[in-house]
Structure formats: structure tokens, C-alpha cells
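# Structure assessment
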Amino acid sequence: MIEIIAVDKAIGLPLAHDITEIRPGEFKGAAFHRGHILQPEEVEHLRRLGKNHLYVLRPEAYEMHEDDAAEAIATALCGDGVGWDNPPREGKITLKAQYDGLFKVDVDALTRFNEIGDVMCATRHTNSYVRKGQKIGATRSIPLLIAKDRVKRAVEVCGESDGVLKVLPIKSVNVGALIVGTEVYEGRIKDRFEPIIRKKVEAFGGRILDVVFLPDDKDRIAKEALELVNRGVDILFTTGGMSVDADDVTRPAIEQAGGKDILYGSAVLPGAMFMTGVLEGVPFLGIPACGMYAKATVLDLIYPRILAGERITRRDIARLGHGGYCLQCKRCRFPDCAFGKSV
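Here the residue numbering is sequential within each chain, running from 1 through the sequence in written order. Whole-chain, interface and lining totals are the exception, using all residues; otherwise, since this is a predicted model, local features are given only for residues with pLDDT of at least 70 and side-chain atom pairs are given and counted only at 80 or more. Side-chain metrics in this entry use all non-hydrogen atoms of the structure; hydrogen atoms and water are not considered.

### Quick look at the sheet that holds strand S6 (residues 82-83)
Here, any two strands with at least 2 DSSP bridges between them count as paired. By the criteria applied, helices consist of DSSP H or I runs no shorter than four residues and strands consist of E runs no shorter than two, each listed in order from the N terminus. Strand order in the open sheet formed by 4 strands is S6-S7-S11-S9, and the pairing between neighbours is antiparallel. Every interior strand has two partners, whereas the edge strands, S6 and strand S9 (119-123), have only one. Alignment of S6 against strand S7 (residues 92-97), held across 2 bridges, turns out to be antiparallel. Note that in S7 the partner of Gly 83 across the bridge is Lys 96. Sheet strands in contact with helix H2 (residues 66-77) are S7, S9 and strand S11 (135-141), and its direction is about 135° off that of S11. Any two residues whose heavy atoms approach within 4.5 Å are treated as being in contact. Orientation is described by axes fitted as lines to C-alpha atoms, over the contacting stretch for helices, and by angles from 0 to 180 degrees between their N-to-C directions.

### Some thoughts on helix H3 (residues 107-115)
Listed in full, the buried residues belonging to H3 are Ala 109, Leu 110 and Phe 113. One side of H3 carries all its buried residues, which in axial view fall inside an arc of 100°. In H3, the exposed residues that point more than 90 degrees away from the buried face are Asp 108 and Glu 115. In this structure, the buried residues of H3 make contact with H2, strand S8 (101-105), S9, S11 and helix H4 (148-159). Directly after H3, the chain includes Gly 117, whose backbone phi takes a positive value near 95°. Burial here depends on accessible area, computed with a 1.4 Å probe over protein chains only, as a share of the maximum for the residue type. Under 20% is buried, over 50% is exposed, and the range in between is partly exposed. Summarising the geometry, the arc corresponds to the directions from the helix axis toward the C-beta atoms.

### Things to note about the packing of aromatic side chains
Under the pairing criterion, centres of Phe, Tyr and Trp rings, with the six-membered ring standing for Trp, must be within 6.5 Å; the plane angle then separates stacked pairs below 30 degrees from edge-to-face pairs above 60, leaving the rest tilted. Summed over the entire model, instances satisfying the criterion amount to 4 aromatic pairs. Centroid distance Tyr 129 to Phe 204: 4.9 Å. Interplanar angle 75°. Geometry classified as edge-to-face. One end of the pair, Tyr 129, is in strand S10 (residues 128-130); the other, Phe 204, is in the loop between helix H6 (193-203) and strand S15 (207-214), with 75 residues separating them in the sequence. Among the aromatic residues, those joined into a cluster by ring pairs are Tyr 129, Phe 204, Phe 237 and Tyr 303. A positively charged side chain is recorded as over a ring if its NZ (Lys) or CZ (Arg) lies within 6 Å of the ring centre. The angle to the ring normal must also be within 35 degrees. In this arrangement the basic side chain of Arg 251 is found over the ring face of Tyr 264, its NZ or CZ atom lying 4.0 Å from the centre.

### Description of H6
Listing the buried residues of H6 in full gives Phe 193, Ile 197, Lys 200 and Val 201. Down the axis of H6, the buried side of the element spans an arc of 100°, and every buried residue falls inside it. More than 90 degrees from the buried face of H6, the exposed residues found are Pro 195 and Lys 199. Tucked inside the fold, the buried residues of H6 contact strand S14 (174-180), S15, strand S16 (235-239), strand S19 (282-287) and helix H9 (298-307).

### Looking at the environment of Leu 13
Note on placement: Leu 13 falls in the loop between strand S1 (2-6) and strand S2 (19-23). Judged by relative accessible area, Leu 13 falls into the partly exposed class, the value being 33%. In sequence terms Leu 13 and Tyr 55 are 42 residues apart; their C-alpha atoms lie 9.9 Å from each other.

### Brief notes about the pattern of salt bridges
Salt bridges are identified by distance alone: a Lys or Arg side-chain nitrogen within 4 Å of an Asp or Glu carboxyl oxygen. Inspection of the entire model under this criterion finds 22 salt bridges. Across the salt bridge formed by Glu 156 and Arg 153, the nearest N and O atoms sit 3.6 Å from each other. Of this pair, Glu 156 and Arg 153 both sit in helix H4, 3 residues apart, roughly one helical turn. Between Glu 194 and Arg 198 there is a salt bridge; the shortest N-O distance is 3.1 Å. With Glu 194 and Arg 198 both in helix H6, this residue pair falls 4 residues apart, about one helical turn. The exposure class assigned to Arg 198 is partly exposed, which follows from its relative accessible area of 30%. Members of the salt-bridge network, linked through shared partners, are Lys 104, Arg 305, Glu 310 and Asp 316.

### Topic: the sheet that holds S10
Strand order in the open sheet formed by 3 strands is S10-S8-S13, with antiparallel pairing between adjacent strands. With partners counted over all chains shown, the strands left at the sheet margins are S10 and strand S13 (165-169), one partner each. Along the sheet, successive strands turn relative to each other by an average axial angle of 40°, direction set aside. In terms of strand pairing, S8 meets S13 through 5 bridges, oriented antiparallel. Counterpart to Gly 101 in the pairing with S13 is Pro 169.

### What to know about the packing of H2 against H4
It is at 8 Å that the axes of H2 and H4 come closest, and there the two elements cross at 10°. Regarding the angle of H2 to H4, the classification is roughly parallel. Contacts between H2 and H4 pair Ala 69, Ala 72, Ile 73, Ala 76 and Leu 77 from the former with Val 151, Ala 154, Val 155 and Cys 158 from the latter. All amino acids are sorted into three groups, where Ala, Val, Leu, Ile, Met, Phe, Trp, Tyr, Cys and Pro are nonpolar, Asp, Glu, Lys and Arg are charged, and the leftover types, Gly among them, are polar. Class assignment for the residues of the contact of H2 with H4 results in 9 nonpolar, no polar and no charged. Orientation is classified from the angle alone, with under 35 degrees giving roughly parallel, over 145 giving roughly antiparallel, 65 to 115 giving roughly perpendicular, and any other angle giving oblique.

Laid out in C-alpha cells, this is it:
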């Protein structure tokens, strides 16, 4: 039950919720917190904030306060690597990553949660790379007093998932790279792939164990791929030889070496001729030519997921089609853009 009374009649009573004050360019926050006992000299301050009436709460047995509800649903939503460091304010809790990693959202579970009504949760896109302490979303109880059975149902929906929101830790890896192309191997053109690969690997805390330059020779590519795997690389990159020309033999070479679960082709531009799979238990990523000139490609969407230990499926690749068209902006803002933001 909620009773509405004039602000000058509320002196000596506890406030039912935080009261926000906004001073443009200066301050936005709680001028008065929930539970504060209103003093006579504060009445005019409240009126300046447009508060001529206040709520007095007398909850029924079936109701709970928005802040208590927020804590219950936030606890249920948070899986490994997700939490919060401030108490609820106005029924809202901001959720943060507890360590660096790949942010994962059970989108179906989140949708069912938001369908319940009177509760909500908004998040970053799933498969976003996040840093420790970074905001990843927020949840709140919408009414000031919420029915306990609504909160109970929201918690149950979260319990049906193995983690509605979670962060998968990123592994630090040793990477081996095969730079394939007779024109590069014989020095006719300068290689541009190696510095790009190094930059992307080091951005996630990995290191390049070795880079091997090879001609378009299927037997040699297969042999060197196996040698890098046997030397202990955690991930194998291949570049070049990914198109449909007669000289492009990288894919059949990896097959010859024993590559398994090979997926060739992706629903992403740039990156349609991408390849991934496993060689002797080691994930490999075949980078098409677009990786030389485009700042963001399918590699940038898949590589963090590999580092988080995911095994990429054909369905994963197919789902990237929604949001997988890069606009090639003159000033690239990736990852702060729509590219790769599929569900």
C-alpha cells in the first residue's frame, strides 16, 4: 500500500525512495536517500525539485520494496565474473565485470526475464570483450513496491539458465602463424600480415611463438602446420591461400595435415572466406586477404571467443550474419559500433 501526502505533512517521516536532483553540468544523484527522516528546513529544497507530495509506504504482505527486489534479481542474474559494488539506488543496480574476459549473455533467458513485467535488465551485447570494473548492464525493479511473486518468477527464470550474465576469462596463449604466398616467400612483394597478427595477439596478452613464411605448396604447408602444433602453440593462424584461385591451397593443406571440424566461409563482410577448425586439438584460424587492409574483420569477432575456450560451430558463424556487415567507416570505431553485434 502506498499513501500520498503533502510534503509539509511528511516532516519526521522516512522517505520511501531516493529523490534525485539534477543540476545540468554539475550534479546528478540522490539529494535525499531512502529512509532519510525529513526535516522542516528540507521542505523547500524538495519543492524546488518539484516534489510537492511524497509517498508513505505501508507494504502489504505480498509486496516488497524496489531496492530489496533489485538485490534479489541482480543476485539471480549474475553468473561467474559479474557483480556489483554499490547498493541499489531507486531500485536500480549497475552490474560490472569482475575480471577481464568475454561477456556472455543468455539472450533467450534475458528475454524471458524481461517479459515478466515490473523487472528489467539491459546489457551490453553478448560476446563483447570487457575489462575488470567495466559496466556491462543494469537491472531494476520498476514499481516502488513490487509483488513478491513477480520477483520470485524472475529469480526462477534466471535459475533455468547456467548463467544469464557471465564473463569467461581470456587465456594468455602462444600463437604460431603461417604466412602463405609464393609472391611473399620469394620477396616479390612485402608481407603485411605479420605486424597485424602480432598487434591483435598482443592486445589480448598473447605472444607469437613463431612466424613461418611459405610458398603455395600444399605439402610444405601441411608439414609446417604440424610442426608448429608439435612445438606447443595454443592457436595456429594461417594467412593467404584462402580464395578460389588455382594457387590457393591452404585449406586443402590443413585438411591433409589432419584438420578436423573445418568450417570454411562466414556470414561476415569483410571475412567471407574465413576458415576455422582444429588441428591435433589446437584451434586454427585462416585469415582471408581482407585482414591486411580492414581494421575489423571476422577474425576480430571470432578470436576472443577462441581465447575464452569456445568451440565455434557452423551455427555460430551463421548467426554473425545479423550485424556482420561492416560499413567501412572512414574513421573506424570498432568495437564501439554495430559491426558484429549479433545475438
